[in-house]
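What follows is each chain in one-letter form.
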Amino acid sequence: MKREGFKSRLGFLLVSAGCAIGIGNVWKFPYITGQNGGGLFVLFYLLFLVIMGAPVLTMELAVGRGSRQSAVQGYKTLEPKGSKWHLHGWVCIVGCLMLMMFYTTVSGWMLNYAVKFTTGVFDNVTSEGVGGVFDSMLQSPAQSLGYMAITVIIGVVVCSIGLQNGIEKVSKVMMLCLLGLMVMLAVNSMTLEKAGEGIAFYLLPSIERAKNVGIGNVITAAMNQSFFTLSLGVASMEIFGSYMSKDFTLGGEALRISALDTFVAIVSGLIIFPACFSYNVEPTAGPSLIFVTLPQVFIHMPLGRLWGSLFFIFMTFASLSTVIAVFENIIAAGMDNFGWSRVKSSVISFIVLLTTSVPCALGYNLWSSVHLIGGRDILDSEDFIVSNLLLPIGALVFTIFCVTKFGWGFDNFQKEANTGKGFKIPNWMKYYFRYVLPVLVLIIFIQGLIPQS
């Protein structure tokens, strides 16, 4: 059967960027930036995105386009005869599933808040009461399960329709709306009273602020964020390489996807920091920033219901774009490995995804007493396995596979990556890819295992 393909280059870029653009860009990037002193962190982040994130992304896309298959069959097509690289493909499928086991719950929270703001739930809530709204959502099994289920249904239905008519068409609309909403929200934030102070903190590098945190800590945090922002290592991007045309080089496309991903992260800061400084809210508030801190800003802002609604609709689009992209990995795995039709694979995937997402949805209410890895709750335990183990180890496997003679080999990778118009990977970069890039990824992995103080 002929492999499906994207209808347009814009469709490929927006779907791929949608996979990379998720809650981490909008939720994590601003508060990590705030905790690490602002502007200098942003500069290091951009540097590591170019020298580490984009190269590993190029490798995932190359394995996909070179094989025209999803992860397991992709490795089987390209690996040396008798080798077992394809076993990592099965790990990638498990990684995508485990990522969705908690991501669907958090995406459901975004949708829940979009509905709450739109329907006026926050209209009469005081600053002190905002935290109570979040707590009551977490403690309600009906809300957690209901909105998680809606997220799973949306993701599977879109994927079941097909690549061009479902994923590409829906993701294009969502991503263009997302980008438009972001610009509107950023322009509104920049008109607030103390917007200038927030923007200066965010974008002007300060050695003094960085020294207070520790320059080494700032560099480490920037390296981590640049790696995790693209969700590399579980073949979530590889599948879209398998649907690509050969018209453009992969290095150039990887840089464009990284640029879109970074644009969303940077503009998210332009929404959040001016608002925080204008309403005397701590910009380093951590994970509570989105659900507790920002709603406090919106309820005091003129037309707060409108801006709060738009913000959480935008957050819903950001999370759903990732859900749809990763669901496609899981559904394509069923089609490529077991010969199922798209509809059959979608139905089976729906049952599996809905079932495996239940523990996390119940992790803050009925199963709140369950603590797993190092005393972490269910969500944090699943996140730890994906972020600290599967992503960095997976990225290291992809890198070694693409640059050594034991795998696909650098020459084959370079030939595939350089096919088409655009930026070509020069020969001298072979040494960087072989000897420097794996060390950088290994550092990420080791850092993830060191307990945080």
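Remember, predicted model here, so these are calculated numbers, not experimental data.

1. A word on the overall build of the protein chain
- Scanning the protein chain from N- to C-terminus turns up 19 helices and zero strands.
- Whereas a compact globule of 453 residues would reach a radius of gyration of roughly 22 Å, the protein chain reaches 21 Å, a difference of no more than 12%.
- By its C-alpha atoms, the protein chain is 65 × 50 × 45 Å across when sized along the principal axes.
- With the model as given, the accessible surface of the protein chain reaches about 17400 Å², and the carbon-plus-sulfur share is 66%.
- When the 28 basic and 23 acidic side-chain charges of the protein chain are each reduced to a single mean position, those positions are 12 Å apart.

2. Describing unusual backbone geometry
- Residue arginine 68 is not a glycine yet carries a positive backbone phi of 60°.
- By relative accessible area, which is 27% here, arginine 68 ends up partly exposed.
- Of note in the backbone geometry, leucine 303 takes a positive phi value of approximately 55° without being a glycine.

3. What to know about the environment of alanine 318
- Summarising the element assignment, alanine 318 is placed in helix α15 (residues 304-338).
- Beyond its immediate sequence surroundings of up to four residues, alanine 318 is in contact with Gly18, Ile21, Gly22, Tyr103 and Leu178.

4. Some details on the pattern of salt bridges
- Evaluation of the coordinates by the stated rule reveals eight salt bridges.
- Among the salt bridges present, the one from lysine 246 reaches glutamate 416, with a minimum N-O distance of 2.9 Å. Of this pair, lysine 246 sits in the loop between α12 (238-241) and α13 (250-278) while glutamate 416 sits in helix α18 (residues 410-417), and the two are 170 residues apart along the sequence.
- For glutamate 416, a relative accessible area of 9% translates into the label buried.
- Between arginine 256 and glutamate 253 there is a salt bridge, and its shortest N-O distance comes to 3.0 Å. Taken together, the positions of arginine 256 and glutamate 253, both in helix α13 and three residues apart, correspond to about one turn of that helix.
- Glutamate 253 sits in the buried class, given a relative accessible area of 1%.

Calculation notes
Residues numbered from 1 in each chain as written. Predicted model: local features only at pLDDT ≥ 70, side-chain atom pairs only at ≥ 80, totals over all residues. Heavy atoms only, no water. Helix = DSSP H or I, 4+ residues; strand = E, 2+ residues; numbered from the N terminus. Rg over C-alpha atoms; globule rule 2.2 N^0.38 Å. Areas by Shrake-Rupley, 256 points an atom, 1.4 Å probe, with all protein chains shown as cover. Lys, Arg positive; Asp, Glu negative; His and termini not counted. Charge placed at Lys NZ, Arg CZ, Asp CG, Glu CD. Buried < 20%, exposed > 50% of the residue type's maximum accessible area, 1.4 Å probe, protein only. Contact = heavy atoms within 4.5 Å. Salt bridge = Lys/Arg side-chain N within 4 Å of Asp/Glu carboxyl O.

Shape is all these values report; function is a separate question.
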